[in-house]
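# Summary of structural features
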Amino acid sequence: QVQLVESGGGLVQAGGSLRLSCAASGRTFSTYAMGWFRQAPGKEREWIAAITRTGGSTYYADSAKGRFTISRDNAKNTVYLQMNSLKPGDTAVYYCAAGPDISSIAPMRLITSWGQGTQVTVSS
């Protein structure tokens, strides 16, 4: 199984930007579709973005569309989430996840691996 570690979270002012990274161990990174999720206290975990194995297609939840960009660099075994125009409502713990195919990501079905999460706090 692939091991995932998120980084790049922190405190940012509303309207600012932040780039999250998810580093994967092993040599099988390119065989997984990847996704980003977030969870605020007292809320359900929410899917926000997904990317296919080679990065050819990306998908976004309405809350992320137009502001967030998911990308991956298979040579570096890393997936990214570029977050722009951040709002206080974006405050949450952000998780990356790996799945066997793109259709498994958003429904959180058959997820192979989860990262431990990184905190993003957007101040007003």
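The structure reproduced in this document is the subject of the present report. The written sequence of each chain sets the order in which its residues are numbered from 1. pLDDT decides what is reported in this predicted model: residues at 70 or higher carry local features, side-chain atom pairs at 80 or more are listed and counted, and totals for whole chains, interfaces and linings draw on all residues regardless. Calculated side-chain values reflect all of the structure's heavy atoms, with hydrogen atoms and water omitted.

### Overview of the sheet that holds strand β8 (residues 78–83)
When DSSP finds two or more bridges between a pair of strands, those strands are recorded as paired. Helix and strand labels come from DSSP, where a helix needs a run of H or I of at least four residues and a strand needs a run of E of at least two; each type is numbered from the N terminus. Pairing within the open sheet is antiparallel, and its four strands lie in the order β1-β3-β8-β7. Looking at strand neighbours, the two that pair on one side only are β1 (4–7) and β7 (68–73), the edges of this open sheet. Ignoring strand direction, the axes of neighbouring strands in this sheet form an average angle of 15 degrees. Angles shown run from 0 to 180 degrees and are taken between the N-to-C directions of axes, each axis being a line fitted to C-alpha atoms and, for helices, limited to the stretch in contact.

### With respect to the environment of I102
Mapped onto the fold, I102 is located in the loop between β9 (92–99) and β10 (113–114). It is 7.8 Å that separates the C-alpha atoms of I102 and R53, two residues lying 49 residues apart in sequence. Among all residues touching I102, those that are not within four sequence positions of it are A33, A50, I51, T52 and Y59. By the convention used here, residues are in contact when the closest approach between their heavy atoms is within 4.5 Å.

### Remarks on the pairing of strand β5 (residues 46–51)
Residues in a regular strand point their side chains to alternate faces of the sheet. Of all six residues in β5, five are buried; the element is thus mostly enclosed. In the sheet, strand β4 (residues 33–39) pairs with β5 via five bridges, with the strands oriented antiparallel. Paired with R38 across the two strands is E46, which belongs to β5. The antiparallel hairpin formed by β4 and β5 contains six residues in its connecting segment, where G42 sits at a positive phi of about 75 degrees. Where β5 meets strand β6 (residues 58–60), three bridges bridge the pair, whose relative direction is antiparallel. Bridged to I51 within β6 is T58. Where β5 folds back onto β6 in an antiparallel hairpin, the turn is made up of six residues, including G55, whose phi is positive at roughly 85 degrees. Buried means the residue's accessible area, taken with a 1.4 Å probe over protein chains only, is under 20% of the maximum for its type, while exposed means over 50%, and partly exposed covers the values in between.

### Things to note about unusual backbone geometry
In this structure, S85 takes a positive phi of about 50 degrees despite not being glycine. Of note, S85 is situated in the loop between β8 and β9.

### Structural notes on the state of the cysteines
The definition used for a disulfide is geometric: two cysteine sulfur atoms within 2.5 Å. Enumeration over the complete set of coordinates arrives at one disulfide. There is a disulfide in this structure between C22 and C96, and the S-S distance comes to 1.9 Å. Looking along the S-S bond of the C22-C96 disulfide, the torsion reads about 55 degrees, which is the right-handed sense. Placement of C22 in strand β3 (residues 18–24) and of C96 in strand β9 is noted, with a sequence separation of 74 residues between them.

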